[in-house]
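# Chain and residue survey
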Amino acid sequence: AIYHRSPLPIALQRYPQSKEIGQSDNIVLIIVMKMDAPSTPNNFISRLKAYDAHSSIADEFRVRTKNGALLSILTITSILYFVYLECKFNLFETVVEDRVHVNATVPTGLPVEFSVTFPNLACALIATDATDPAGQLQSLHLDRSHHVFKVRMKDGRDISPPKRHVTGGTMVDEASFEDHAEVRVERNLQKMDGSFDDDYCGSCYGAEDNDNECCNTCDDVKRAYKRKQWHLKVEGVEQCKNEVLIAEEKDEGCRIYGRISLSTGGGNFHFAPSHELESMGHESQLTVFDYMRFTFEDFDVTHTIDYLHFGEKGKFFPNQVHQLDGETRKIDDGHGMYQYYIQVVPTLYKYLDGSRVETFQFSVTEHLRHVAPGQGRGLPGVFFFYEVSALHVEFEERRKGWIRFFTSVCAVVGGVFTFVGAVDQVLWKYERMRKQTRMAR
């Protein structure tokens, strides 16, 4: 250090170990020797410094390069980007964890919401019913009011308002079908012979000539109106109800929709020929063979499942899949019994805010059985066989949290620094080799 001679060099006062090595009239040359204080064996700080694993390197020993600068910028950018991703994933993004367990309790009921369209089948010919595994009928009502409706369709469009459908009255096997057909045929023969009950007297709807005149058939009503030269509207005429169906529902389709409640013990619900099957024809002319032919050859069970959901209405969890929604199954012949086998799994979904949704998921397999008269394999229709699983599934929304976030950030920062440092070393050695090669030439 070079100081002016006057005043007295401060260095000699500040550093007693300094030594004056030369002087002139105005300048004194001093070597300032800084000596560390002797370490004290009992000094905790001094002993702690011995474990310093991150000792700094003096700037004069650092080599700064263009590649190093670019890699430093890349390091900072990468760290910021990865920290942003970790923050988003751990602190703001919701993940869903699932688990499966066996639950000893079973749901008290199995609500089903459905809509099935039959484009080639009139509403008067099809009915809905359900049975348990023992073949006993189930109640299809959630409460005192009906929740099943029929809508007449033509060319894919609704042509009538929804009409409540009285569930039940299906025929699923040939035995019940033949018994019912024989009863109806016998009744029709009685009408043809005029052998009605003694107390039966059908109304002529004002066209009778006297109070004792009866109109027991649709033809009787027509003759009475023709005699009076009145115009007859068959709608609402009890004796002409079958002809009304012929005129109104020919070449029509039907959509059946609603909500029903099934037993959790398993069973099936189905769409099959109705007991009112004869209403589409002149029942006085139908025989058992006619019933059989119509059921097996003309009962087209081609259908589209608009939707089929298990559980309370509107109670779905995010991304829930309903496999049969919008599915169409075409039956090329009339000898088809389409069967769906459904495994219903009770499901609980827990949201992040603590709210819960109890619903059902299901898996399904399907099979088309070809049935023919006399085989005893059943009648055409669409059957949904179901079974409630003993396994319960739970989904729970979670977030990773701060501990996971800080752990991930440390891993990201350390990984980026290590990787970029290795790349920097490779580039540095490559540059040195190039310089040495150039100097050797």
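Since we're looking at a predicted model, the values are computed, not measured. (Residues numbered from 1 in each chain as written. Predicted model: local features only at pLDDT ≥ 70, side-chain atom pairs only at ≥ 80, totals over all residues. Heavy atoms only, no water.)

## What to know about helix 8 (residues 402-440)
An ideal rise of 1.5 Å per residue puts 57 Å on 39 residues; helix 8 measures up with 57 Å between its terminal C-alpha atoms. Along helix 8, the residues that are buried comprise Phe-405, Ser-408, Val-409, Val-412, Val-416 and Val-420. Along its buried surface, helix 8 packs onto helix 3 (66-92). (Helix = DSSP H or I, 4+ residues; strand = E, 2+ residues; numbered from the N terminus. Expected span 1.5 Å × (residues − 1). Buried < 20%, exposed > 50% of the residue type's maximum accessible area, 1.4 Å probe, protein only. Contact = heavy atoms within 4.5 Å.)

## Description of the packing of aromatic side chains
Counted under the stated rule, the structure contains 20 aromatic pairs. Ring centres of Tyr-340 and Phe-384 lie 4.8 Å apart, and the angle between their planes is 10°; this geometry places the pair in the stacked category. Of the two residues, Tyr-340 sits in strand 14 (residues 336-350) while Phe-384 sits in strand 16 (residues 381-388), which places them 44 residues apart along the sequence. With respect to burial, Tyr-340 and Phe-384 carry one shared label: buried. Centroid distance Trp-402 to Phe-405: 5.9 Å. Interplanar angle 85°. Geometry classified as edge-to-face. (Phe/Tyr/Trp six-rings, centres within 6.5 Å; stacked < 30°, edge-to-face > 60°.)

## A few points about the state of the cysteines
Counted under the stated rule, the structure contains two disulfides. A sulfur-sulfur distance of 2.1 Å marks the disulfide that ties Cys-123 to Cys-254. As the torsion about the S-S bond is roughly 105°, the Cys-123-Cys-254 disulfide counts as right-handed. Here Cys-123, found in the loop between strand 5 (110-118) and strand 6 (126-131), pairs with Cys-254, found in strand 10 (residues 253-262); they are 131 residues apart in sequence, far enough to count as distant. (Disulfide = S-S within 2.5 Å.)

## Digging into the pairing of strand 12 (residues 303-310)
Direction of pairing for strand 5 relative to strand 12: antiparallel, over a ladder of six bridges. Along strand 12, the bridge assignment pairs Val-112 with Phe-310. Here three bridges tie strand 12 to strand 13 (residues 327-329), and the two strands are oriented antiparallel to one another. Bridging from a neighbouring strand, Thr-304 pairs with Thr-328 of strand 13. (Pairing = 2+ DSSP bridges.)

## Looking at a nonpolar patch on the surface
A cluster of nonpolar residues, Phe-44, Ile-45, Leu-48 and Tyr-51, forms a patch on the protein surface that exposes about 500 Å² of accessible area. Along the chain, the position of Phe-44 falls in helix 2 (residues 44-49). Assessed through its relative accessible area of 54%, Phe-44 is described here as exposed. (Patch = residues over 30% accessible without salt bridge, like charges linked within 9 Å, V, L, I, M, F, W, Y side chains within 5 Å. Areas by Shrake-Rupley, 256 points an atom, 1.4 Å probe, with all protein chains shown as cover. Salt bridge = Lys/Arg side-chain N within 4 Å of Asp/Glu carboxyl O.)

## What to know about the confidence of the model for the protein
When pLDDT is averaged along the protein, the result is 76, and 71% of the positions lie at 70 or above. No element of the protein has a lower mean pLDDT than strand 1 (residues 2-4), which averages 44, and none a higher one than strand 12, which averages 94. Within the model, the stretch residues 189-196 combines pLDDT values under 50 with five contacts to residues more than four positions away or in other chains. (pLDDT = per-residue confidence, 0-100.)

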